[in-house]
Amino acid sequence: MVVPAEIYVHRRTVSKEHLDDLNHVNNVIYVQWIQDIAKEHWEVRASDDLKSKFIWVVIRHEIDYKKQAFLGDEILIETYVGETTFVTSERYVNIKNAKTGDVLVAAKSMWCLLDADTKRPTKITEELRTVFHKQ
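What counts as what
Residues numbered from 1 in each chain as written. Predicted model: local features only at pLDDT ≥ 70, side-chain atom pairs only at ≥ 80, totals over all residues. Heavy atoms only, no water. Pairing = 2+ DSSP bridges. Helix = DSSP H or I, 4+ residues; strand = E, 2+ residues; numbered from the N terminus. Axes fitted to C-alpha atoms, helices over the stretch in contact; angles between N-to-C directions. Contact = heavy atoms within 4.5 Å. Salt bridge = Lys/Arg side-chain N within 4 Å of Asp/Glu carboxyl O. Buried < 20%, exposed > 50% of the residue type's maximum accessible area, 1.4 Å probe, protein only. pLDDT = per-residue confidence, 0-100. Phe/Tyr/Trp six-rings, centres within 6.5 Å; stacked < 30°, edge-to-face > 60°.

What follows is about the sheet that holds strand E3 (residues 74-84). Taken in spatial order, the five strands line up as E1-E3-E4-E5-E2 in an open sheet, and their pairing is antiparallel. Looking along the sheet, the strands with just one partner apiece sit at the ends: strand E1 (8-13) and strand E2 (54-65). If you compare each strand with its neighbour and ignore which way they point, the axes differ by 25° on average. As paired strands, E2 and strand E5 (residues 103-115) are joined by 11 bridges and run antiparallel to one another. Within the sheet, the bridge partner assigned to Glu 62 lies in E5 and is Lys 108. Strands E1, E2, E3, strand E4 (88-97) and E5 of the sheet are contacted by helix H1 (residues 27-45), whose axis makes an angle of about 140° with E2.

Before going further, it helps to spend a moment on unusual backbone geometry. Non-glycine residue Asn 23 carries a positive phi angle of around 65°. Examined against the element boundaries, Asn 23 turns out to sit in the loop between E1 and H1. For Lys 119, which is not a glycine, the phi torsion comes out positive at approximately 60°. Structurally, Lys 119 is set in the loop between E5 and helix H3 (126-129).

In a structure, side chains of opposite charge can pair up when their charged atoms sit close to one another. For the coordinates displayed, the defined rule picks out nine salt bridges. The residue Glu 6 makes a salt bridge to Arg 45 at a minimum N-O spacing of 3.1 Å. A residue pair is termed long-range when its members are at least 10 positions apart, and Glu 6 in the segment before E1 and Arg 45 in helix H1 qualify at 39 residues. With a relative accessible area of 19%, Glu 6 lands in the buried category. The partly exposed category is assigned to Arg 45, whose relative accessible area is 23%. Notably, a salt bridge pairs Asp 49 with Lys 53, separated by 3.2 Å at the nearest N-O pair. Remark: Lys 53 and Asp 49 occur in helix H2 (residues 48-53); sequence separation between them is four residues, near one turn of the helix.

Here the protein averages 94 in pLDDT, and 96% of its residues register 70 or above. Within the protein, H3 has the poorest average pLDDT of any element, 88, and E5 the best, 98.

Summed over the entire model, instances satisfying the criterion amount to five aromatic pairs. Ring centres 6.1 Å apart and planes at 45° place the aromatic pair Trp 42 and Phe 132 in the tilted group. Note that Trp 42 is positioned in helix H1 and Phe 132 in the segment after H3, a separation of 90 residues in sequence. We classify Trp 42 as buried; its relative accessible area is 7%. Taking the relative accessible area as the measure of exposure, Phe 132 reaches 4% and is therefore buried. Among the aromatic residues, those joined into a cluster by ring pairs are Tyr 30, Trp 33 and Tyr 65.

In structure tokens form, the structure reads like this:
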């Protein structure tokens, strides 16, 4: 039986430091949020043992900027894991306006699992595959 991936959600409010010269959220901030939620999802779901043995590094981002966010907007950042191969895993992130539900940013990232000691790619085991799935 295939267990669906967990959708992990983080809520935040757009503040002044998130804005660019056009007074909307800077694209670089969206990239930071994409990376931050991936890390947070791992930190929340993985055991201390797994976190001590493995680290994830991003190797690719594909980002579609669809709409703008402005000062004071409530934002939902949603993520889930897609297809996993031998050493890589797809991660999807949707950044939405919490009030309207409009997708502001849609991203797909590829992450590689590394051994924490050697910093070399390592096999994604079945145990690791299930970290991001509903229990």
